[in-house]
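Chain residues, written in single-letter form:
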Amino acid sequence: MIDQFERLPGIGPRTAQRLALHLLRQPEEQVRVFADALLAARSQVGQCRSCFHLSAEAECEICRDQERGNGQICVVADSRDLLAMERTREYKGRYHVLGGVISPMDGIGPESLQIQPLVERVDRENASEVILALTPSVEGDTTSLYLARLLKPFTTVTRIAYGLPVGSELEYADQVTLARAFEGRRRME
Ligand code: ZN
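Residues numbered from 1 in each chain as written. Predicted model: local features only at pLDDT ≥ 70, side-chain atom pairs only at ≥ 80, totals over all residues. Heavy atoms only, no water.

Undergrad: Help me out: how do you make sense of the packing of helix H6 (residues 115-124) against helix H7 (residues 138-151) in this one?
TA: Packed helices, taken two at a time, are described by the angle their axes make and the gap between the axes. Relative to each other, H6 and H7 sit at 35°, their axes nearing to 11 Å. Crossing geometry of H6 relative to H7 is assigned as right-handed. Contacts between H6 and H7 involve Ile115, Leu118, Val119 and Val122 from the former and Tyr146, Leu147, Leu150 and Leu151 from the latter. Tallied by class, the residues present in the contact of H6 with H7 amount to eight nonpolar, no polar and no charged. (Axes fitted to C-alpha atoms, helices over the stretch in contact; angles between N-to-C directions. Helix = DSSP H or I, 4+ residues; strand = E, 2+ residues; numbered from the N terminus. Left-handed = near helix turned anticlockwise from the far one by under 90°. Contact = heavy atoms within 4.5 Å. Nonpolar A, V, L, I, M, F, W, Y, C, P; charged D, E, K, R; others polar.)

Put into structure tokens, the structure is as follows:
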């Protein structure tokens, strides 16, 4: 059990031991509920058919929420970045999860990402604004420029401002910094 916990991101040997000992002290029923939750999540959670965020339903909670259909689509690299944006409570529109960023070095081209579905969505939903919220790195910038060129004929494309430190992961930006970066978004030329 300790070995298994140690495989998780951010868990060192001491934390792994602490978690294992904690579980051993729990009633068996409680441990069963925990184990069932892990298995259920693994087998039931897939991708939202519309935005590609993690979802146990065909469409995720955000896409099903009518109030969030305000014409804005915020583009993020992955679900962790989406959750970071949600924590700011600043954004009220919908998302689109690309599944990564363009990185020729790693063999990731536009066709490996959910870019075509994004273009179709922008057209179909008549989106008023696409907000690019990708990590400020060479790959993130390349992807933003690529998307801006592709989407500008259809909609307004903006990009979150960089109060964010260059090269920093969006996921780890504190809520205030990320909320400010969102407010200060600029139209892409
Ligand atoms: Zn969705």
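Undergrad: Before we go on, may I ask you to explain the packing of aromatic side chains in this structure?
TA: Aromatic ring pairs are described here by two measures, namely the spacing of the ring centres and the angle between the planes. Evaluation of the coordinates by the stated rule reveals two aromatic pairs. Note on tyrosine 91 and tyrosine 95: the rings are 5.1 Å apart at their centroids and 70° apart in plane angle, and the pair reads as edge-to-face. Among the residues examined, tyrosine 91 registers a relative accessible area of 3% and is labelled buried. Since its relative accessible area comes to 1%, tyrosine 95 is described here as buried. Where tyrosine 91 meets phenylalanine 182, the ring centres are 5.3 Å apart and the plane angle is 70°; that geometry is what we call edge-to-face. Residue tyrosine 91 is found in the loop between helix H5 (79-88) and strand S4 (94-97), and its partner phenylalanine 182 is found in helix H8 (residues 175-183); the two are separated by 91 residues along the sequence. Since its relative accessible area comes to 5%, phenylalanine 182 is described here as buried. Feature note: the residues Tyr91, Tyr95 and Phe182 constitute an aromatic cluster, connected by ring pairs. The ring of phenylalanine 182 carries arginine 185 above its face, with NZ or CZ at 4.7 Å from the centroid. (Phe/Tyr/Trp six-rings, centres within 6.5 Å; stacked < 30°, edge-to-face > 60°. Buried < 20%, exposed > 50% of the residue type's maximum accessible area, 1.4 Å probe, protein only. Lys NZ or Arg CZ within 6 Å of the ring centre and 35° of its normal.)

Undergrad: Could you clarify how one ought to interpret the nonpolar core in this entry?
TA: Within soluble globular proteins, side chains that are nonpolar generally end up buried alongside one another. Cys74, Val76, Met85, Tyr91, Tyr95, Ile160 and Leu178 are the most contacted members of the largest nonpolar core, which totals 22 residues. Those elements that place two or more of their residues in this core are helix H4 (61-64), strand S3 (72-76), H5, S4 and H8. With sequence-adjacent residues up to four places away left out, tyrosine 91 is seen in contact with Arg68, Gln72, Ile73, Cys74, Met85, Glu86, Ile131 and Phe182. Core analysis: the second largest hydrophobic core is formed by 19 residues, Leu98, Ile102, Ile115 and Met188 among them. (Core = buried A, V, L, I, M, F, W, Y, C linked by side-chain atoms within 4.5 Å.)

Undergrad: Hey, could you run me through the sheet that holds strand S5 (residues 129-132) in this one?
TA: Sheet strands pair by backbone hydrogen bonding; their relative direction is either parallel or antiparallel. Taking strand neighbours across the sheet as the criterion, the five strands line up as S4-S3-S5-S6-S7 in an open arrangement whose pairing is mixed. Looking at which strands have only one partner, the edges of the open sheet turn out to be S4 and strand S7 (186-187). In this sheet, S4 lies alongside S3 in parallel orientation, the contact comprising four bridges. Looking at the pairing, cysteine 74 lines up with tyrosine 95 of S4. Contacting S3, S4 and S5, H6 crosses the sheet at an angle of about 155° to S4. (Pairing = 2+ DSSP bridges.)

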